Amino acid sequence: MLEQHLGPVRFRDGIRHYLKKHEYANTETSDLWDALEEVTGEPVRSTMDAWIYQRGYPLVNVKQCDGCDKTILTQKRFFYKAPDEADETVWPIPMGIRYADSDGNSGSMKMLMTEDDVEVAELANARWVNANGGSNGFYRVSYSPELMTSLRDAMGEMEAIERYSLADDQWSAMAAGSSSAIDYLNLAEGYSGEDDLDVWTLLTRNLASLERILDDEAARSRMRSRLGTLYSAGLSRLGWEPRDGESPRDLELRGLLCRSLGITARDEDAMARLRGLHDGYLTGAAIEPNLAAASANAVAIVGSASDYEAFMGRFKSAATPQEERRYMTLLSSFPGEGEFQNTLEMCLNGEVRSQDAPYLAGGAMFNRHHGFTAWQFIKSHWDQMLEMYPDNSVVRMVSGVQALSRPEQVADIKQFFETHNVPTGQLTLEQHLERLDVNAASRQREVEPLTEWLLAS
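Rules and cut-offs
Here the residue index of a chain counts from 1 through its sequence in written order. Where local features are concerned, this predicted model is filtered to residues with pLDDT of at least 70; where side-chain atom pairs are given and counted, the filter is 80 or more; whole-chain, interface and lining totals use all residues. Hydrogens are left out, water is left out, and the side-chain values use all remaining heavy atoms of the structure. Secondary structure elements follow DSSP: runs of H or I of four or more residues count as helices, runs of E of two or more count as strands, with numbering from the N terminus. Candidate patch residues must exceed 30% relative accessible area and have no salt bridge, after which like charges are joined if within 9 Å and Val, Leu, Ile, Met, Phe, Trp or Tyr side chains if within 5 Å. Here the open area of atoms and residues is found with the Shrake-Rupley method and a 1.4 Å probe, where only the protein chains shown may cover a residue. Here, a salt bridge means any side-chain nitrogen of Lys or Arg that lies within 4 Å of a carboxyl oxygen of Asp or Glu. Positive charges come from Lys and Arg alone, negative charges from Asp and Glu alone, with His and the N- and C-terminal ends not counted. Charge positions come from single atoms, namely NZ of Lys, CZ of Arg, CG of Asp or CD of Glu. In this scheme, a helix's expected span is set at 1.5 Å multiplied by one less than its residue total. Burial here depends on accessible area, computed with a 1.4 Å probe over protein chains only, as a share of the maximum for the residue type. Under 20% is buried, over 50% is exposed, and the range in between is partly exposed. In this analysis, two residues are considered to be in contact whenever any of their non-hydrogen atoms come within 4.5 Å of each other. Side-chain rings of Phe, Tyr and Trp, where Trp is taken by its six-membered ring, are said to pair if the distance between their centres is within 6.5 Å; with planes under 30 degrees apart they count as stacked, over 60 as edge-to-face, and otherwise as tilted. Two conditions define a charge sitting above a ring: the NZ of Lys or the CZ of Arg must be within 6 Å of the ring centre, and it must be within 35 degrees of the ring normal. Axes, fitted as lines to C-alpha atoms, cover a helix only where it is in contact. Angles between the N-to-C directions of the axes lie from 0 to 180 degrees. To sort the angles, those under 35 degrees are grouped as roughly parallel, those over 145 as roughly antiparallel, those from 65 to 115 as roughly perpendicular, and the leftovers as oblique. Crossings are assigned a handedness: left-handed for a near helix turned anticlockwise from the far helix by less than a right angle, right-handed for a clockwise turn. Polarity classes work like this: nonpolar for Ala, Val, Leu, Ile, Met, Phe, Trp, Tyr, Cys and Pro, charged for Asp, Glu, Lys and Arg, and polar for all others, with Gly in that last group. Only strands that DSSP links by at least two bridges are regarded as paired with each other.

Visitor: An account of the environment of P145 is requested, with residue identities and associated values reported.
Guide: Position of P145 among the secondary structure elements: in helix α5 (residues 145-153). Here the alpha-carbon distance between P145 and S179, two residues 34 residues apart in the chain, equals 9.9 Å.

Structure (structure tokens):
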């Protein structure tokens, strides 16, 4: 962030000055900031001290002023959960801003935002404003509804990393309660022409989380239909059939979109094609690896008892370590109660290695039908698991509680950890529990309006 603000040439000159000035000597961190400041004339030391010694990071809100021909930026500390007391932390924020005017002319500017409220006259007639151009800044951005609409319409004018940051920031805004799931879905539908793997990875994960919280079958069907349209549009460039000369990222993206189209959107044609690919894979057909993984995921999510036996056999006689891990992990995805219970028992009876079992048990909490059953199994076998599993894997297993967001589930989990600790990683456990609270609050806040909106749309 500092390098982009100063510019690469001035930043490099400052580093050279620092190395020359302190040659054969010891230094402190402030010596580096002072050297950069001497060369550039910018307030580097005070800027960096604020970022290093103040907790957290900022959220910048952007809106255009009605009738005053200015864009207004305000900053405050970002929180997922509002603190009990007001927080007045202010950062000197090195900002790179990209924008375009109504005639389509693009521009950029740099500024150091040192106040909590700033008016920027240079952006008076901007058609769209990206307040973190290049996504170099370590801050989140929230836009007014009008600016968000203009950014949604300008996807093709932004870099992939900027489109990623926009979707990531708005997901965090929803989780923090300053935006809504409806807003996020509206934004996501503007990504139908997206071609970047990382952006799609973020979107499909977040949208799957939204689909997961819906209890009303009609609303879920509407949600899946919308997601099916979005994923089909994303897949249209690649198609289902791999082509010679494709990049590894395109191969991975095809697998991701096919899997999402089948598993999250439950597109019947996609599920049928994925089932056919997996049948071919089991009989020795040459299936592109990303499609093979996607097809196995799709079969497991709706799999029967006979499918479970086939997966079990593949796990126990896998040709490669990668295949063994894939089929082991997917055993926790099956919807059948008997199959799921058998998978949980494997975490303790030696059928799964002790270094792998915690991850299988933790992943089982993401099972849509039986996730809480997995938690109850872990809770009731806690002492045995502590004896069997490597210490550093227990807190990773517990990370799966973040998938359980119903109020009664959250209460049960938090009550358990009031009297139980993990062998290592207590702070990480506290982060898991905090994220659990955030997810639960988000579900409680969003599920009803999202359901009503989907049913009315």
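Visitor: Residue-level account of a negative patch on the surface, with values.
Guide: A surface patch of negative charge is lined by E88, E115, D116 and D117. Here D116 is to be found in the loop between β4 (106-113) and β5 (117-120).

Visitor: Explain helix α3 (residues 29-40) to me, using residue names and the numbers behind them.
Guide: Its twelve residues place the ends of α3 17 Å apart at the C-alpha level, agreeing with the 16 Å of an ideal helix rising 1.5 Å per residue. Turning to α3, its buried residues number three or more, namely S30, W33, A35, L36 and T40. Summarising the contacts, the buried residues of α3 are in contact with α1 (2-6), α2 (8-21) and α4 (44-53).

Visitor: Lay out the packing of aromatic side chains with the relevant residues and their values.
Guide: Aromatic ring pairs: the centre-centre distance and the angle between the two ring planes describe each pair. In the structure shown here, the tally under the stated rule is 15 aromatic pairs. Seen from their ring centres, Y57 and F78 are 5.7 Å apart, and the 15° between their planes marks the pair as stacked. In this pair, Y57 sits in the loop between α4 and β1 (58-64) while F78 sits in the loop between β2 (71-77) and β3 (93-101), placing the two residues 21 residues apart along the sequence. These aromatic residues form a ring-pair network of at least three members: W51, Y57, F78, Y80, W91 and F138. In this structure, R140 packs its charged tip against the face of F78, placed 5.6 Å from the ring centre. The ring of Y80 has R435 sitting right over it, with the charged end atom 4.8 Å from the ring centre.

Visitor: Would you mind going over the packing of helix α20 (residues 407-417) against helix α21 (residues 426-456) in detail, with residue names and values included?
Guide: α21 packs onto α20 with a crossing angle of 160° between their chain directions and a minimal axis gap of 11 Å. In terms of axis orientation, α20 runs roughly antiparallel to α21. Viewed along their axes, α20 and α21 form a crossing whose handedness is left-handed. Mapping the contact onto sequence places V410, I413, K414 and F417 in α20 and L429, L433, L436, D437 and A440 in α21. Grouping the constituent residues of the contact of α20 with α21 by class yields seven nonpolar, no polar and two charged.

Visitor: Just give me the short version of the sheet that holds β1, but keep the residues and values in it.
Guide: As summarised here, the arrangement of the four strands in space is β5-β2-β1-β7, forming an open sheet in which the pairing is mixed. The open sheet has two edge strands with one neighbour each: β5 and β7 (140-143). Neighbour-to-neighbour, the strand axes of the sheet open up by a mean angle of 25°, direction not taken into account. Sheet topology places β1 next to β2; seven bridges connect them, and they run antiparallel. Counted as the bridge partner of Q64 is T71 from β2.

Visitor: Can you tell me about the sheet that holds β4, naming the residues and giving the values?
Guide: The strand order across the open sheet formed by three strands is β4-β3-β6, and the pairing between neighbours is antiparallel. Of all the strands in the sheet, just β4 and β6 (126-130) have a single pairing partner and so form its edges. The sheet shows a mean angle of 25° between the axes of neighbouring strands, taken without regard to direction. Pairing geometry for β3 and β4, over eight bridges, is antiparallel.

Visitor: Go over unusual backbone geometry, please, and point to the residues and values.
Guide: The residue S135 is not glycine, and still its phi comes out positive at about 55°. Take S135: it is sitting in the loop between β6 and β7. For S135, a relative accessible area of 17% gives the class buried. Positive phi, normally seen in glycine, also occurs at R266, with a value near 50°. For R266, the location among the structural elements is in the loop between α10 (248-263) and α11 (268-282).

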